[in-house]
Amino acid sequence: MKIDVLLGLQWGDEGKGKIVDVLTPVYDIIARFQGGPNAGHTLEFNNIKHVLHTIPSGIFHPDKINVIGNGVVVDPVILKDEIIKAEKIGADLKSNLYISKKAQLILPSHRLLDKAFEEAKGKNKIGSTLKGIGPAYTDKTSRRGLRAGDIFNYAFKEKYDCSVAHHEKIFDGYGFTERNKDYEKQWFEAIEFLKMFKFIDSEKFINDSLSEGKTILAEGAQGALLDIDFGSYPFVTSSNTTTSGVCTGLGVSPHKVGNVIGICKAYCTRVGSGPFPSELFDNDGQTLRDNGHEYGSTTGRPRRCGWLDMVALKYSIMLNGVTALVITKADVMSGFDKIKVATAYKVNGEIIDYVPYEITDDIEPVYTELPGWKSDITKCKSKSDLPAELISYLDYIEKETGVKVDYLSVGPDRTQTIKL
Ligand code: GDP
Ligand code: IMO
Ligand code: MG
């Protein structure tokens, strides 16, 4: 068996959580491979709206195993809170959640470091979610991180103190005096709480499961344009959000990667700083924000909105080897007379059709205009119910990208999903 992958093709918040939840019935195992609680994956079913940060989005289906992979960074306080909330609505976390012993821990001081670094950046802030993601990955690569499996080690507190002593030196250098003893207390309580759950060698579990013929879906966090290598650096997150991250974040060989499902909004959003060529600053942008309730699932910040960027989408499809597309939030675009798609960029008078080394404010998008659709599509159940203009838009996306659109999402609920 091969492992399928589902990931975001834009700047995150494409609707990954919803689509993982919809596809879970055809898989045995759902596994997160990177990122941490900077993610906010929303699911809606039976009039319940639920936001997951660390737990994979298959958790509300009984008898499906959900793995937090080695590539993930885990904040015990946030994970404990998520577990308690998910248990309240009936999920069986004790049986169905497995945590990789090799996942890295986010320490309370990582969150403070995130804050100290952002404050020191002045005007050039990344707009981080301040969950400690960058500092935790930094400690991983500089080989001083604490791993989830360490919580069972008698020398855990000693290792923790050693990391904090290192962080204190950095705080001194920045003149950063804020500390959060209360969070530290909660953190150690959460560590004790988590000991009730299953900690595993996830790379062995994943590979054994594939050998046994089990079906696995790897769930990405963030989006390709926030990838540490290929995103709009430095306005990116600190992990590989692209398909390659599945190999390192779960321990599977590239030969074992199967279908790659790319999730893309019918338009674009971005939260935090960084370039966004097709961003709208007018009423159309506000309409997308209002109709799409475009406010961050993790931080509540308003999301920046703009038209679909075909140049960036093609780049993401190339990086990820996308084999199928899912277009979400098509319902949010109902009501426009005309819609636009950025099909090229104008840089210093020259037209280019690829993502350049650096996207600066001088980039002007070149738009293609298409007819919009007016009707409410939130109750549509099949392709034949959809307005002709929307079908043309999907045909256009397929023609431009060379990838088939397999599903269309027409609302936040599980049931508002059309197989095309
Ligand atoms: P993720 O991070 O990719 O899982 O996406 P988020 O959950 O952060 O953001 C997507 C938001 O859009 C959530 O509030 C979802 O409930 C909502 N959503 C997902 N698909 C659709 C859709 O097709 N239409 C509408 N209107 N909302 C959707
Ligand atoms: P999901 O999985 C949208 C953005 C932040 C910031 C940058 C770096 O829900 O799609 P970080 O906290 O990693 O230091 O932030 O990346 N960002 C996201 N934007 N969705 C996300 O996750 C994001 N995770 C991080 O806003 O610009
Ligand atoms: Mg999100």
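Now for a look at the structure at hand. Bear in mind that the values here come from a model prediction, so they are computed numbers and not experimental data.

### Here we look at the overall build of the protein
- Scanning the protein from N- to C-terminus turns up 12 helices and 20 strands.
- Expected size for 420 residues packed as a compact globule is a radius of gyration near 22 Å; at 21 Å, the protein falls within 12% of this value.
- Out of the 420 residues in the protein, the part that is buried amounts to 56%.
- Sequence-distant contacts, at least 24 apart, represent 76% of the contacts inside the protein between residues at least 6 apart.
- Approximately 17700 Å² of the protein is accessible, and the part contributed by carbon and sulfur atoms is 52%.
- If you average the places of the 52 positive and of the 56 negative side-chain charges in the protein, the two averages end up 3 Å apart.

### Description of the site of ligand 1
- Within the structure, ligand 1 sits among 19 residues, and Gly15, Lys16, Thr42, Asp331 and Ser409 are positioned closest to it.
- Contact distances for ligand 1 include 3.2 Å between an oxygen atom and a side-chain N or O atom of arginine 303.
- At 3.1 Å from an oxygen atom of ligand 1 is found a main-chain nitrogen or oxygen belonging to glycine 411.
- Protein contact buries 94% of the 580 Å² of open area that ligand 1 shows by itself.
- Every element with two or more residues in the shell around ligand 1 is listed here: α1 (16-23) and β3 (41-45).
- Residues of the shell around ligand 1, tallied by class, amount to 3 nonpolar, 8 polar and 8 charged.

### Points about the site of ligand 2
- Near ligand 2 lie 20 residues; those nearest to it are Asp13, Lys16, His41, Thr129 and Thr237.
- The separation between an oxygen atom of ligand 2 and a polar side-chain atom of asparagine 38 is 3.0 Å.
- Between ligand 2 and glycine 40, the relevant distance is 2.9 Å, taken from an oxygen atom to a main-chain nitrogen or oxygen of the residue.
- When the residues that make up the shell around ligand 2 are grouped by side-chain class, the tally is 7 nonpolar, 10 polar and 3 charged.

### Quick notes on the packing of aromatic side chains
- Applying the stated criterion across every chain, the model contains 13 aromatic pairs.
- With 6.1 Å between their ring centres and 10 degrees between their planes, phenylalanine 156 and tryptophan 187 make a pair best called stacked. Of this pair, phenylalanine 156 sits in helix α6 (residues 156-174) while tryptophan 187 sits in helix α7 (residues 181-194), placing them 31 residues apart in sequence.
- Considering the side-chain rings of tryptophan 187 and phenylalanine 188, the 5.1 Å spacing of their centres and the 85 degrees angle between planes classify their relative orientation as edge-to-face.
- Classification of phenylalanine 188 by relative accessible area gives partly exposed; the value is 24%.
- One aromatic cluster in this structure is built from Phe156, Tyr160, Trp187 and Phe188.
- Over the aromatic face of phenylalanine 193 sits the side chain of lysine 80, whose NZ or CZ is 5.5 Å from the ring centroid.
- Directly above the aromatic system of tyrosine 407 lies the positively charged group of lysine 419, at a separation of 5.0 Å from the ring centroid.

### Notes on unusual backbone geometry
- Residue proline 234 follows tyrosine 233 across a cis peptide bond; omega there is 5 degrees.
- The topology assignment puts proline 234 in the loop between β10 (216-219) and α9 (244-250).
- In this structure, asparagine 46 takes a positive phi of about 45 degrees despite not being glycine.
- Looking at the secondary structure, you find asparagine 46 in the loop between β3 and β4 (48-52).
- On the basis of relative accessible area, asparagine 46 is assigned to the exposed category, the value being 64%.
- We note that asparagine 348 has phi near 50 degrees; this positive angle belongs to a residue other than glycine.
- Structurally, asparagine 348 can be placed in the loop between β16 (338-347) and β17 (350-352).

### Some words on the coordination of the magnesium ion (ligand 3)
- The coordination sphere of the magnesium ion (ligand 3) contains the protein donors Asp13 (OD) and Gly40 (O), at a distance range of 2.1 to 2.2 Å. One end of the pair, aspartate 13, is in the loop between β1 (3-8) and α1; the other, glycine 40, is in the loop between β2 (29-32) and β3, and 27 residues separate them in sequence.
- Among the residues examined, glycine 40 registers a relative accessible area of 10% and is labelled buried.

### Quick notes on the sheet that holds strand β20 (residues 417-419)
- Spatially, 10 strands are ordered β9-β7-β5-β2-β10-β1-β11-β15-β19-β20 in an open sheet, and the strand pairing comes out mixed. Single-partner strands in this sheet number two, and they are β9 (198-200) and β20. Neighbour to neighbour, the strand axes of the sheet diverge by 25 degrees on average, direction disregarded.
- Against the sheet, α1 contacts β1, β2, β10, β11 (257-265), β15 (324-328), β19 (405-409) and β20, and its axis sits at roughly 155 degrees relative to β1.

Cut-off values and rules
- Residues numbered from 1 in each chain as written.
- Chains lettered and ligands numbered in written order.
- Predicted model: local features only at pLDDT ≥ 70, side-chain atom pairs only at ≥ 80, totals over all residues.
- Heavy atoms only, no water.
- Helix = DSSP H or I, 4+ residues; strand = E, 2+ residues; numbered from the N terminus.
- Rg over C-alpha atoms; globule rule 2.2 N^0.38 Å.
- Buried < 20%, exposed > 50% of the residue type's maximum accessible area, 1.4 Å probe, protein only.
- Contact = heavy atoms within 4.5 Å.
- Areas by Shrake-Rupley, 256 points an atom, 1.4 Å probe, with all protein chains shown as cover.
- Lys, Arg positive; Asp, Glu negative; His and termini not counted.
- Charge placed at Lys NZ, Arg CZ, Asp CG, Glu CD.
- Near = heavy atom within 4 Å.
- Polar contact = N/O pair within 3.5 Å; in protein donor to acceptor, adjacent residues only side chain to side chain.
- Nonpolar A, V, L, I, M, F, W, Y, C, P; charged D, E, K, R; others polar.
- Phe/Tyr/Trp six-rings, centres within 6.5 Å; stacked < 30°, edge-to-face > 60°.
- Lys NZ or Arg CZ within 6 Å of the ring centre and 35° of its normal.
- Donors = N, O, S within 2.8 Å, 3.2 Å for Na, K, Ca; no water.
- Pairing = 2+ DSSP bridges.
- Axes fitted to C-alpha atoms, helices over the stretch in contact; angles between N-to-C directions.

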